[in-house]
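What the coordinates show
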Amino acid sequence: MEIEPPIPFAKRTSLRLPLVSASVEAGFPSPADDHLERGIDLNEELIRNPAATFLVRVKGDSMRDAGIHSGDVLIVDKSLAPTDRKIVVAMIDGNFTVKRFRKRGGQVFLEAENPDFPPIEVTEGQELSIFGVVSYIIHQAR
Amino acid sequence: MIGLVDCNNFFCSCERVFNPALLGKPVVVLSNNDGCIISRSEEAKALGIPMGAPLHEQQEVIRKHDVHVFSSNYTLYGDMSARVMSILREEVPAIEVYSIDEAFLRLPDNFDEEMARALRARVLQWTGIPVCIGIGSTKLLAKLANRHAKKNKALTGGVFDLPRYWDPEGILADTPTDGLWGVGRNLAVRLAKMGIRTALDFQHADPAAIRKSMGVVGERMFRELNGIPCLELEEIPPDRKGVMASRSFGSPVEGLEELEEALANHVARAGEKIRRFGLLATGMEVFLQTNRFRKDQPQYSPGVGITLDRPTNATAELMKTASDLLHRIYRSGYRYKKTGVQLTNLVSEEGFQPSLFDQAKPGRIDVDKIVDEINRRLGDPKNPVITRASQGTERVSIGTKGWKMKSERHSPHYTTDWNQLPEARVDS
């Protein structure tokens, strides 16, 4: 079996939105022309480290207070170290879940944004498996 | 200095990154067609499941120990491989991607074990893939160092710097010749007859005797073992001599029509591939194979090759030629296991001067280009959305046509398909 040459992640889909749109009068060079080449590349803006960035889809609503809704897609950067108050994708009981990472003194907690669910304390020796830090939330407007 | 980075149990490791339920569990990944076990997690190795074992021979141990079994998911593995390689590329002056899970690195002089450990940690954190790194003064010695790092992972932490180790000869003495890169079992037997059993024996052997018995290949190994680089880092993939597309059938195929359909699919894939690299084929080979392990069945495995009238990468032309060749070699009454096509003597589109009469007619629509683009956007290489009629109607043929590859347990395309992203449950 031959293996397909992998396609680089970031270059595959780049959507360029023109920043300026000027109506050009015939015969007159628009002063905006020089700037037209620049556009917004969402990949560039939202994905700082393509090699370490993964997308994860959310199921469930217990992180609603953090602005994360069921069906949203999270941009997760595995190269970022979790620090206090970062939202992380964690591995708990064989599943991915989303929590707020809290570090107080030497203690580490994973908190849900929902008072019904108590924070999970990560005790010493217990392996804390963080998949990555959530850098952006993609939410479809309704 | 040369480094060799090798991803540990790569396919199993990829599965594990996106499936936390697999942590600490035995995992195996199967070859195409779900035939053999081609990747094992450490837990699966500990159960005594051998590399390359046919799946059906391992059913009992799989059931008993609840081994997680996956069909190969090359879309996922390819993407993860590209991520690992891009990290390596950023860290060192040059790399040679040797295979999907291995790369040689050219290391700067100041690159020490500590930096190797940092690189290993970075790949692990960024991608979730554990790697081993071996450092040596030649490619062969880097491979040998990597083998030591992997075999003694608890001791080495997955990193081994052979030249800076206090007793490199001890490591060479512990490496049997068949553990050397490029030495297979037959060669190891031949070496043993010369009294060469370990890498150290080989290093101190008589070069004249090596050359006499093993020719230039042996001499090159001898020099590499003695720290004299003979194998260059191949930074750019070597010229593509040919592109092969073939696959074993899920179950044997006898009829010409079905073979044509399978071959048309292979031609479509090969055509897409050479177009992607801006290449034209100047030759084509088509082959058929019966199952040589079925000694009870009549055997017939013909192949035929031709030079094309003119270099091309147009799928329609390639399919027509492939079909003609298939008709030429096909005989009824055999149970075929495999068919395939090879596009040979590839030349660059740019370098190729079309003759005056072959110039593309203005206004001609490049169907292939459009089909490629649509398939790239909407499908994946294994499941194109647009196919030609000669490739059969896939949706109908799934499960009914013999040639469709068996791939019953592959995991989602976690990293390349918007509709197959890993899910995080936040209802607790």
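Above this text sits the structure in question.
As a starting point, this report considers the structure included with it. Predicted model, so just to flag it, every value in this text is computed and none were measured.

1. A short note on the pattern of salt bridges
The full count for this structure, using the stated rule, is 20 salt bridges over all chains. The residue arginine 335 of chain B makes a salt bridge to glutamate 254 of chain B at a minimum N-O spacing of 3.5 Å. Taken as a pair, arginine 335 of chain B in the loop between α13 (315–329) and β12 (336–344) and glutamate 254 of chain B in the loop between β9 (242–253) and α12 (256–276) lie far apart in primary sequence, 81 residues in all. With a relative accessible area of 39%, glutamate 254 of chain B lands in the partly exposed category. Salt bridges sharing common partners tie together Asp84, Arg102, Arg104 and Glu111 of chain A.

2. Re α12 of chain B
All names here are of chain B. Between the first and last C-alpha of α12 there are 30 Å, a value that for 21 residues agrees with the 30 Å anticipated at 1.5 Å per step. α12 sits mainly inside the fold: 16 of its 21 residues count as buried. Directly after α12, the chain includes glycine 278, whose backbone phi takes a positive value near 65°.

3. Thoughts on the pairing of strand β10 (residues 279–290) of chain B
Residues and elements named next belong to chain B. Here β10 lies mainly inside the structure; 10 of its 12 residues are buried. With 6 bridges connecting them, β10 and strand β11 (residues 303–312) associate as antiparallel partners. From the neighbouring strand, methionine 284 faces β11, where its bridge partner is isoleucine 306. The sheet contact formed by β10 and β12 spans 8 bridges and is antiparallel. Its bridge partner lying in β12, threonine 290 is registered against tyrosine 336.

4. Observations concerning the sheet that holds strand β2 (residues 27–30) of chain B
All names here are of chain B. Read from one edge to the other, the open sheet built from 3 strands follows the order β3-β2-β4, with strand pairing classed as mixed. In this open sheet, the two edge strands, each paired with only one partner strand, are β3 (37–40) and β4 (68–70). When strand polarity is set aside, the average angle formed by the axes of neighbouring strands in this sheet is 25°. Two elements, β2 and β4, share 3 bridges in a ladder whose sense is parallel. Following the sheet pairing, valine 28 is matched in β4 by valine 69.

5. Remarks on the environment of glutamate 15 of chain B
Residue and element names in this part refer to chain B. Secondary-structure assignment places glutamate 15 in helix α1 (residues 10–17). Classification of glutamate 15 by relative accessible area gives buried; the value is 1%. Here the alpha-carbon distance between glutamate 15 and tyrosine 414, two residues 399 residues apart in the chain, equals 9.5 Å. Beyond its immediate sequence surroundings of up to four residues, glutamate 15 is in contact with Leu22, Val29, Phe70, Ser71, Asn73, Leu76, Tyr77 and Ser411.

6. Structural notes on the interface of chain B and chain A
Counting residues at the interface gives 41 residues for chain B and 39 residues for chain A. For the pair chain B and chain A, the summed buried area comes to about 3,600 Å², and 59% of that belongs to carbon and sulfur atoms. Counting the surface chain B buries against chain A, the share from its top three residues, Arg83, Trp126 and Val426 of chain B, is 19%. At the junction of chain B and chain A, the tally comes to 1 salt bridge. The partner of glutamate 423 of chain B in a salt bridge is lysine 59 of chain A, and the shortest N-O contact between them spans 3.7 Å. Here chain B and chain A share 13 residue pairs in polar contact (both at pLDDT 80 or more) between them. For the side of chain B that touches chain A, the elements supplying multiple residues, two or more each, are α4 (74–91), α5 (113–127), β9, α12 and β14 (423–425) of chain B.

7. Focus: unusual backbone geometry
Residues and elements named next belong to chain B. Despite not being glycine, asparagine 9 shows a phi value in the positive range, around 40°. You can see asparagine 9 is positioned in the loop between β1 (2–7) and α1. Residue classification places asparagine 9 among the buried residues on the basis of a relative accessible area of 17%. The phi torsion at asparagine 345 lies on the positive side, around 45°, for a residue other than glycine. Note that asparagine 345 resides in the loop between β12 and β13 (347–348).

8. Focus on the sheet that holds strand β8 (residues 159–161) of chain B
All names here are of chain B. Pairing is mixed in the open sheet, where 5 strands are placed in the order β5-β6-β1-β7-β8. The sheet is open, and its two edges are formed by β5 (94–99) and β8, each paired on a single side. For this sheet, the mean angle separating the axes of adjacent strands, direction not counted, is 15°. Where β1 meets strand β6 (residues 102–106), 5 bridges bridge the pair, whose relative direction is antiparallel. Looking at the pairing, leucine 4 lines up with phenylalanine 104 of β6. Strand contacts of α5: β6, β7 (131–136) and β8, with the helix running at about 155° to β7, the strand carrying the most contacts.

Procedures and definitions
- Residues numbered from 1 in each chain as written.
- Chains lettered and ligands numbered in written order.
- Predicted model: local features only at pLDDT ≥ 70, side-chain atom pairs only at ≥ 80, totals over all residues.
- Heavy atoms only, no water.
- Salt bridge = Lys/Arg side-chain N within 4 Å of Asp/Glu carboxyl O.
- Helix = DSSP H or I, 4+ residues; strand = E, 2+ residues; numbered from the N terminus.
- Buried < 20%, exposed > 50% of the residue type's maximum accessible area, 1.4 Å probe, protein only.
- Expected span 1.5 Å × (residues − 1).
- Pairing = 2+ DSSP bridges.
- Axes fitted to C-alpha atoms, helices over the stretch in contact; angles between N-to-C directions.
- Contact = heavy atoms within 4.5 Å.
- Buried area = accessible area lost by both parts, 1.4 Å probe.
- Polar contact = N/O pair within 3.5 Å; in protein donor to acceptor, adjacent residues only side chain to side chain.

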